[in-house]
Amino acid sequence: MTITYRAAEIPAADLPEKPLGQPSAEPLTGTILTRSQVFFTSPDEKILSGTWECEPGASRWEFTGRGEIIHVLSGRMTVQRDGEDEGVELTAGSSAVFELGWCGTWTVHDTLRSVFVVYTP
């Protein structure tokens with residue numbers, strides 16, 4: 001079976017909404033609303049993929065038990081790994097890999113929509 005979906009075309013109102021929080025991330029600027037849907041989970045549950053949308057705000061991320069790959073569809077954010085002097089801006093068309101052990105901050109400037117793949121060892 002092939003799973004297909006057009007993540008950029010799914011209305012935000014059709015995605016389940018919840019505040020950003022553990023175990024994913026710790027908000028640094030008050031409540032940050034997210035919307036997401038998982039479209040694929042591997043039989044062993046070590047890989048999952050879907051779409052994620054996040055309202056503006058800053059949050060702390062620690063990828064200690066999993067890694068994540070994202071592809072930004074819309075919006076803009078800056079990611080800054082702990083210990084690095086400068087952040088990296090991600091915009092539509094950007095992809096990023098947050099390997100196991102990556103820790104730092106994500107600052108969403110404009111509502112962000114992405115496709116993600118989460119993997120666990």
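Quick caveat, the model's predicted, so the values are computed rather than measured. (Residues numbered from 1 in each chain as written. Predicted model: local features only at pLDDT ≥ 70, side-chain atom pairs only at ≥ 80, totals over all residues. Heavy atoms only, no water.)

K.L.:
I'm lost on the overall build of the protein in this one. Help?
P.N.:
Counting its secondary structure elements, the protein contains zero helices and nine strands. In the protein, the succession of helices and strands from N to C terminus is β-β-β-β-β-β-β-β-β. Taking 2.2 N^0.38 as the reference for a compact globule, 121 residues should give roughly 14 Å; the C-alpha atoms of the protein span a radius of gyration of 14 Å, in line with that estimate. Referenced to the eigenvectors of the C-alpha coordinate spread, the extents of the protein come out at roughly 45 × 30 × 25 Å. Going through the 121 residues of the protein one by one, you find that 34% of them count as buried. Taking as baseline every contact in the protein between residues at least 6 positions apart, the subset at least 24 positions apart corresponds to 64%. When the accessible surface of the protein is summed, it comes to about 6,800 Å², and 52% of that surface belongs to carbon and sulfur atoms. Treating the 9 positive side-chain charges of the protein as one cloud and the 17 negative ones as another, the clouds have centres 4 Å apart. (Helix = DSSP H or I, 4+ residues; strand = E, 2+ residues; numbered from the N terminus. Rg over C-alpha atoms; globule rule 2.2 N^0.38 Å. Buried < 20%, exposed > 50% of the residue type's maximum accessible area, 1.4 Å probe, protein only. Contact = heavy atoms within 4.5 Å. Areas by Shrake-Rupley, 256 points an atom, 1.4 Å probe, with all protein chains shown as cover. Lys, Arg positive; Asp, Glu negative; His and termini not counted. Charge placed at Lys NZ, Arg CZ, Asp CG, Glu CD.)

K.L.:
I tried to follow the side chain of Thr-51 on my own but got confused; where do I start?
P.N.:
On the secondary structure map, Thr-51 appears in strand 4 (residues 47-54). Engagement of the side chain of Thr-51 in a polar contact is seen with the backbone oxygen of Ser-114, the distance being 2.9 Å. Once residues lying within four places of it in the same chain are set aside, the contact partners of Thr-51 are Tyr-5, Ala-7, Ile-10, Leu-15, Arg-35, Ser-36, Gln-37, Phe-39, Arg-113, Ser-114, Val-115 and Phe-116. (Polar contact = N/O pair within 3.5 Å; in protein donor to acceptor, adjacent residues only side chain to side chain.)

K.L.:
What am I meant to see in the packing of aromatic side chains here?
P.N.:
To describe a pair of aromatic rings, you give the distance between the ring centres and the angle between the ring planes. Under the definition given, this model contains 10 aromatic pairs. Seen in terms of ring centroids, Trp-61 and Phe-63 are 5.8 Å apart; in terms of plane orientation they differ by 15°. Their pairing is stacked. Each of the two residues, Trp-61 as well as Phe-63, counts as buried. Look at Phe-98 and Trp-102: their rings are 4.8 Å apart centre to centre, the planes differ by 80°, and that puts the pair in the edge-to-face class. Just as Phe-98 is buried, Trp-102 falls in that class too. Three or more aromatic residues joined by ring pairs form one cluster here, namely Trp-52, Trp-61, Phe-63, Phe-98, Trp-102 and Trp-106. (Phe/Tyr/Trp six-rings, centres within 6.5 Å; stacked < 30°, edge-to-face > 60°.)

From the geometry alone we can't say anything about function, so treat these as descriptive.
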